Each structure stands twice: as C-alpha cells, then as structure tokens.
Amino acid sequence: MKKYVGIGVYGAVAEGKIAIYGKEDYAPEKVYRRDVPGEKARLEAAREAVREQLEVSRVRTLEEVGPREAQIFEVHKILLDDGEFLGAVYRVMEREGVSAEYAVAVTAEELADRFAALADHCLKARAADIRDISRRLVACLQGRPCERGEMEEPGVICAQDLSPGETASLDREKVLGIVTARGSLYSHTAILARARGIPAVVGVGEAFLEEAREGTPVMVDGCAGEVYLDPDAETREVLLRKMGKRQEEKCFLEALKGKADRTLDGSAVNICANIGGAGELEAVLENDAGGIGLFRSEFLYLGRDTYPTEEEQFGAYRKALENMAGKRVVIRTLDIGGDKQADYFGLRKEENPAMGYRAIRICLTRPEIFKTQLRALFRASAYGRLGILFPMITGVAELEKALEICREVKEELRARGIPFSENVEMGIMIETPAAAILSDRLAPLVDFFSVGTNDLTQFTLACDRQNPEVQPFVDPRHEAVLRLIRMSAENAHRNGAWIGICGELAADTGLTETFLRMGIDELSVSPPLVLKLRAAVRSLDLSREEEEL
Ligand code: PEP
Ligand code: MG
C-alpha cells in the first residue's frame, strides 16, 4: 500500500480501480510490423469501435446537452471516414512497415499541424478534431478505452490534470472518484467535481502518476485529501466505516428536505445552488435548493468550436427558469478567460490570465457576443424569476456601460415585440477588492451583490488560485477578505440591495454564523452541499452572544 496526500475536494470516500486518464501516453513508439494486411485489419476494427463510441457520445450529448454539441461527433465521424486521411495512413504502413497505431499518429499529427498553421479560425479548429480522432484510434489499437472519461468499467480517474470542460463531460455513472497530480481547491475542476458530487483529491503530485497503473485498486478520501494505492485490509476497513458514516449522515440530511432555511431564533437566509449548465438542474431540485445563486453561463461556451447561438442559450436559460418554477435563478454573464479558455474566442496567450482580458472586459469590448447572450437572457426572463449577474466588475464606469448595453437590448426586444420580464434583477459579482471598496458607489446601481470569494481571496491575498504551491499561503478565512465582505454587506443594505455569497467560502459551515450576523441574505453552494448548510443554519441561535472564530 502507498499513501499520497493532496487537497480533498469533496468530502466523500470512493473505492475502485484506477482508470488512467492520460494525455501524454498516447504517442505510440515506432514499432515495425511486416504483416501489413494484418495491421490494416486491426485498423479497420479500431475504426469500427471508434464509430460506435462516437455514436454513443453523440446520443448522450444530444440527450444531456443539446443538438448543436452533439454535432461535434458527426464531424468526427466524417473525419474517421475521410478517404484522404485513411489513404495516407495506409501509405505509411505500406512504405515503412510500421504498426497501425504509429502510422495513424504520425499521419494525423502532420495533418493537424497543417490545419493549425492556417489563418482561418474554423479550419484551425479542425486540428483539434484530427488529434481527437487520432487519439481515439490509437487508444483503441493499444487496447485502452477509446474516449477519455468514457470508461468501459466504473473506476477512479487518475490524471495529471483535467480541464473544466473535461470534468464537465465525465460520465457520472462511471466515475467513482478523481485523483489529479495537479490542481487546487478553488480551480474550476475542483468546483465541478464538487458540483457533481464526485469524491476527489487534487494536487497529489507527479510521483503518484508514476506509480499508478491501470486497474490497480485505489481508495480516495476526499475529506482528508488522502489517496491509498492498493490499500491494505486495515485501511480499507477504516475508510469503509467512514463511507458508512456518510450514508448515515445522508439519511439525516434527507430529512431536511422541505424544511426552512432558518436559525433557531428565526433568522432566515436563502440557501441556493451553483450550477454550470442545465444538466445540473436535477441535482438542484433533488437537494431542495431555494433557487440558483450562480449559473456559470461560460460553461455553455466551453468544450466546443463555435459560439453558442442565441437560440441555444435561450433554451438553456429558459429550461433553468422553468425548472425552478418561480424560485430566483441568477445567471452570470460569460466569465471566459482565466482558467476557462475557448480557442474560438481567439484570445492571446497571457502571462497572467486571471488578471487578464476576461469576463466583463471581453463583453464590453466585443459587444456582439455580449448582446447575443443578453438577448437570450432577457427573452428567457419571461419564463421565471431571473437575476443577471456581471462578473469581474472593478468600477462604476464599466458597470454603467454594461447596464447601458442591457437597456439597448431591451429596447431592441421591445421594438420587435418580443416578450421579456420588466422585473429582472441586476447584480454584480464582488470578486475584486476594487468592487468591495467601491461597494457604496456600486450598490445604488444594482439590485444585488454576489460575493465571489474564490477570486476575491486570490486577488486580496495575491495568491493565484490555480497554483498549488501558494495554497499554503491562503487563509480562506483571512480577516482582510472577511472585512471586505462585511463592508459590501453594509453598503448593499444601506442602498436597498441584497447580498449573497456564491464563492466556495459560502459552504464553510465554520463561517455560517459570521455570515448571518453580517446580514448575508443568500448563500449559494454546490448542489450536494445545500442540505449540509441547511443543517448548519438550523442549528444556529443568533440571539446568543457571538463566539470568537
Ligand atoms: C468566485 O470567484 O468566487 C466565483 C464564484 O466565480 P468563479 O469561481 O467562477 O470565478
Ligand atoms: Mg470568479
């Protein structure tokens, strides 16, 4: 048995076999195979298997996400059958007498490089598709699962790192747990793992991956941040007992469904859920959240090659509003940039993307993208109770500009006779120290504030949330951050606005009393954490003297 320590992301225990989610290991070595017809037959069998995999992915994406996203797999099927590509692979096998996997990899890489060098964005993007098909074929020929995340057997995903898009597309039925060599608690990957209720430990270090082998038994303690490779009987017993305890706790929390989010002395707070797409609505309803406090709309833009259309966005927002049946749904406008990158935006590589050209900065300088999203949002507002939230605000002028664009969009919809609600609440993220410091000037312009403690902490403490090395320097309960939140709450209330917290700190039950005493009106957390927070709120008595933290 070997034990590795990282950062626990979601407090649950998982047991399973390792499923390596590799990126680097697919480059096959140059192996000579004289039996060319045999290699061709292997390649044909692999193509057939990949075709089936693509169809499974297409159908699942169609059901779970939407028709446009499902189209990606149609494109991949066309590539798989492309005569020119296949002809080139055959020629390499015949000329050099090499294995099918090697011929596929070199041919695809050459082709992908040619596409990547083109100026046209759409053609450039084909490079990624070619590499994806090549990766699938090679994986199949090597006898590994054809698609990353699409495992044949349930298992614990082990990877160097996962992108937010990859984490979002993992098959929840098959993924028992996640272990990554890199990553930090506040990365979007961690947030998504939590949102999907996947026991996960991130940042265990590269040494783990060197030892980890496909199929080895592993246990993941997402609570303690520990990973046990090939656990011994004693460790297994301790962890299984922990799993059992969690089951008991789950039953206790189940009983809180339908109960009010009120303290013993009757103070109320609204406990909501954070989501990244309509696919998580079921979890929101299942956990009886009081609304959606943060819909990270940028996930609609990730993991694809083109901008989502107004219709697609309208469909997703409307679905969220209809499902929440009158409970408030706060949808944040596009927060792309930082660790959430989409190639088709054509953003330059930045030294420091967290403080770069991202979020509202993109929206204000590329209003056509912003307006498409706003049109979809306002149109959807006719179907429920909507709040629109602007990310990364740092001052009054940019907020005024964003609000002005909203007025233009509404005017346009009115002129075209398209219905929308006149009661949409407008809000801003308090996630830069500047916004907190200027909260007295910002509050009169909006209906609500939503505190993004993930970014607010990284910017206040000057600690990159993506960098595991600086995590020991991060005190999430740092007094400076708490003071900024308190100041924002006072300024919100003085100006008749409400204030919520939607960053990960909202789930810290050790701070629930502090937040409630500050007058925070809403706490929004991952769906699986809603009932735990409800239990914490219901055990508080604010009429008692405040205890020291
Ligand atoms: C935050 O910064 O706290 C937040 C909620 O936004 P995100 O994590 O998506 O940056
Ligand atoms: Mg943020």
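Here the structure is a predicted model, which means the values were calculated and not measured. (Residues numbered from 1 in each chain as written. Chains lettered and ligands numbered in written order. Predicted model: local features only at pLDDT ≥ 70, side-chain atom pairs only at ≥ 80, totals over all residues. Heavy atoms only, no water.)

1. Regarding the side chain of T457
This is how the line gets drawn: The helix count covers DSSP runs of H or I at least four residues long, the strand count covers runs of E at least two residues long, and both are numbered beginning at the N terminus. Only heavy atoms enter the contact rule, under which two residues are in contact if any of them lie within 4.5 Å.
Counting through the fold element by element, T457 comes out in helix α17 (residues 453–461). The contact partners of T457, leaving out residues within four places of it in the chain, are A462, V474 and V481.

2. Details of the packing of aromatic side chains
The following threshold applies: For Phe, Tyr and Trp, where Trp contributes only its six-membered ring, two rings pair if their centres lie within 6.5 Å, and the inter-plane angle classes them as stacked under 30 degrees, edge-to-face over 60, or tilted in between. Buried means the residue's accessible area, taken with a 1.4 Å probe over protein chains only, is under 20% of the maximum for its type, while exposed means over 50%, and partly exposed covers the values in between. Charge over a ring is defined by NZ of Lys or CZ of Arg lying within 6 Å of the ring centre and within 35 degrees of the ring normal.
A full pass over the atoms with the stated rule returns 10 aromatic pairs. Centroid distance F378 to F420: 6.1 Å. Interplanar angle 75 degrees. Geometry classified as edge-to-face. With F378 in helix α13 (residues 367–380) and F420 in the loop between α14 (396–415) and β13 (425–430), this residue pair connects regions lying 42 residues apart in the sequence. Judged by its relative accessible area of 0%, F378 is buried. Relative to W498, the ring of F448 has its centre 4.6 Å away and its plane inclined at 10 degrees; by these criteria the two rings are stacked. Of this pair, F448 sits in strand β14 (residues 448–451) while W498 sits in strand β15 (residues 498–501); the two residues are 50 residues apart in sequence, bridging distant segments of the chain. Taking relative accessible area as the criterion, F448 reaches 0% and is therefore assigned buried. Taken together, Y301, Y307, Y344 and F345 form an aromatic cluster joined through their ring pairs. Directly above the ring of Y383 sits R318, whose terminal nitrogen or CZ lies 4.0 Å from the centroid.

3. Quick look at the site of ligand 1
Just so we agree on the cut-off: Any residue with a non-hydrogen atom lying within 4 Å of a molecule or strand is treated as near it. Throughout this description, a polar contact denotes any pair of N or O atoms lying within 3.5 Å of each other; where both atoms belong to protein, one of them has to be capable of donating a hydrogen while the other can accept it, and for residues adjacent in sequence the pair is counted only when both atoms sit in side chains. Calculation of accessible area relied on Shrake-Rupley with a 1.4 Å probe; when residues are assessed, cover is drawn exclusively from the protein chains displayed. Throughout this entry, Asp, Glu, Lys and Arg are counted as charged residues, while Ala, Val, Leu, Ile, Met, Phe, Trp, Tyr, Cys and Pro are counted as nonpolar. The remaining residues, Gly among them, count as polar.
Around ligand 1, a shell composed of 16 residues is seen, among which R296, R332, G452, N454 and R465 lie nearest. Within the backbone of G452, an N or O atom sits 3.3 Å from an oxygen atom of ligand 1. For ligand 1, an oxygen atom lies 2.7 Å from a polar atom in the backbone of N454. Protein burial of ligand 1: of its 290 Å² of free accessible surface, 100% is covered by the chains. Contributing elements (two or more residues each) for the shell around ligand 1: α7 (188–195), β10 (292–296) and α17. Here the shell around ligand 1 gets three residues from one element, more than from any other, and that element is α17. Across the shell around ligand 1, the residue classes tally to four nonpolar, five polar and seven charged.

4. A look at helix α4 (residues 100–116)
What counts is decided by this rule: One fewer than the residue count of a helix, multiplied by 1.5 Å, yields its expected span.
Counted at 1.5 Å a residue, the expected span for α4 with its 17 residues is 24 Å, and the 24 Å between its end C-alpha atoms agrees. Among the residues making up α4, those that are buried are A100, E101, Y102, A103, V104, A105, T107, A108 and A112.

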